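Topology and contacts: notes
Read off the chains here:
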Amino acid sequence: MTTAMGTPTSGRGRTGWRVPEELSARVPAEQRGPGLERDAVRLLVSHGAQVSHHAFVDLPGRLRAGDLLVVNTSATLAAAVDGKVGHARVVVHFSTRGDDGRWAVELREPDGRGTTRARAGGPAGTEVRLPGGVRIVLEEPLTGRSARLWWGRASDPDVLGLLRRHGRPVRYSYTERDQPLSAYQTVFALPSADGSGSAEMPSAARPFTTRLVAELVSRGVQFAPITLHTGVASAEAHEPPYPERFAVPEASARLINAAKAGGGRVIGVGTTAVRAVESAAGTDGVVRAAEGWTGLVVTPERGVRVVDGLLTGLHEPEASHLLMLEAIAGGVAVDRGYDEALRGRYLWHEFGDVHLILPEEDPHTEHCSSNCW
């Protein structure tokens, strides 16, 4: 499933299906009808290869006391800024800030519909003119595997200020219209001390509301916050995740280890949460406080050491995230879940429906209904 460099190769049967255009979630759930909230999305639940269909508000009934949800507190940045290369208009997606002050950026072309399309990266020395007289010069590709993302150095080091003044959320063509930045913040998002954040929303947590969080806590479900600042993940790219900055605090490490020791299930809310926790886990399966950069790619060959389940959006067939799903649930369960998602007309992308992947149930354990504790 992977090459020596960790690059995904074609998965089992995954090239045989595609996501119909009409299954793209074009607007947030709360804009689809009067009286709706963020949690008005559907929930596909996989217990091994057994699949069931629910509303997201049913989530508390799918979990049990002692379970722990790992949530990403990274706030979403207004990471898209208009610019020019010569006379050509471009849109710069600011992805990740490096330790040396440079930014990993992706240059894209306006498509005339308010969104963008892919553009060839580089070459080195390309100068992009940005609002307020700021310029950014592309220096080198982010990795040797792709020329889509480049390290660029801005003439003004206060790029976060530039984003606050002139940026807007990254948006792709499957969405219907621009949304305010607030639409891309999850209920768990917290401002970081230095203003850093994610280029794209950690979207698996978007359907959570304060009411639903309170109900989960009242039922004995715990939350462990981590931070992982996500970079851009353009749908056109077929690439493994690249290094991202993360932090797993000591308190969260203790919560995770205690949940495991007490027989609770550790469930990552989003692939970002899984990446952070697994990056902080030793070969003994113990999570320790950690922060810095992670280049971990979770694959079936690597497996998972801590996470028992995953709450995630629905991914494109070429997405490397599917390797993480296989590592947690196995290929048969993933294929079965996606067959059901397509058959059931679930919605894809950041405003879409979600998929809860749990371990296969013990047949000798009584099935937990919505009022189980």
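Refer to the structure above for everything that follows.
Rules behind the numbers
Residues numbered from 1 in each chain as written. Predicted model: local features only at pLDDT ≥ 70, side-chain atom pairs only at ≥ 80, totals over all residues. Heavy atoms only, no water. Helix = DSSP H or I, 4+ residues; strand = E, 2+ residues; numbered from the N terminus. Rg over C-alpha atoms; globule rule 2.2 N^0.38 Å. Buried < 20%, exposed > 50% of the residue type's maximum accessible area, 1.4 Å probe, protein only. Contact = heavy atoms within 4.5 Å. Lys, Arg positive; Asp, Glu negative; His and termini not counted. Charge placed at Lys NZ, Arg CZ, Asp CG, Glu CD. Axes fitted to C-alpha atoms, helices over the stretch in contact; angles between N-to-C directions. Left-handed = near helix turned anticlockwise from the far one by under 90°. Nonpolar A, V, L, I, M, F, W, Y, C, P; charged D, E, K, R; others polar. Pairing = 2+ DSSP bridges.

Below, the discussion takes up the overall build of the protein chain. Within the protein chain, the secondary structure is distributed over 7 helices and 16 strands. The C-alpha radius of gyration computed for the protein chain amounts to 20 Å, which stays within 12% of the reference 21 Å derived for 373 residues, consistent with globular compactness. Each of the three principal axes of the protein chain carries a C-alpha extent, and together these read 65 × 45 × 40 Å. Looking at the protein chain residue by residue over its 373 residues, the buried ones come to 53%. Counting only contacts in the protein chain whose residues sit at least 6 apart along the sequence, the fraction spanning at least 24 positions is 70%. Across the protein chain, the mean location of the 41 positive side-chain charges is 3 Å away from that of the 44 negative side-chain charges.

This paragraph deals with the packing of helix α5 (residues 271-279) against helix α6 (residues 321-329). Two elements in contact, α5 and α6, have axes whose closest approach is 11 Å; the angle formed by their N-to-C orientations is 65 degrees. The handedness of the crossing between α5 and α6 is left-handed. Where α5 abuts α6, its residues Thr271, Val274 and Arg275 lie against His321, Met324 and Ile328. In the contact of α5 with α6, the residues fall into 3 nonpolar, 2 polar and 1 charged.

Before going further, it helps to spend a moment on the environment of Gly330. Its location among the elements puts Gly330 in the loop between α6 and α7 (331-343). Residue classification places Gly330 among the partly exposed residues on the basis of a relative accessible area of 24%. For Gly330 and Arg288, which are 42 residues apart along the polypeptide, the C-alpha to C-alpha distance reads 26 Å.

The buried count for strand β15 (residues 309-313) comes to 5 of 5 residues, which makes it a mostly enclosed element. Of the two faces of β15, both are covered, the one formed by Gly309, Leu311 and Gly313 as well as the one formed by Leu310 and Thr312. The pairing of strand β13 (residues 266-269) with β15 spans 3 bridges and is parallel. Paired with Ile267 across the bridge in β15 is Gly309. For β15 and strand β16 (residues 354-358), the ladder comprises 4 bridges, and the chain directions are antiparallel. Directly across from Gly313, in β16, lies its bridge partner Val354.

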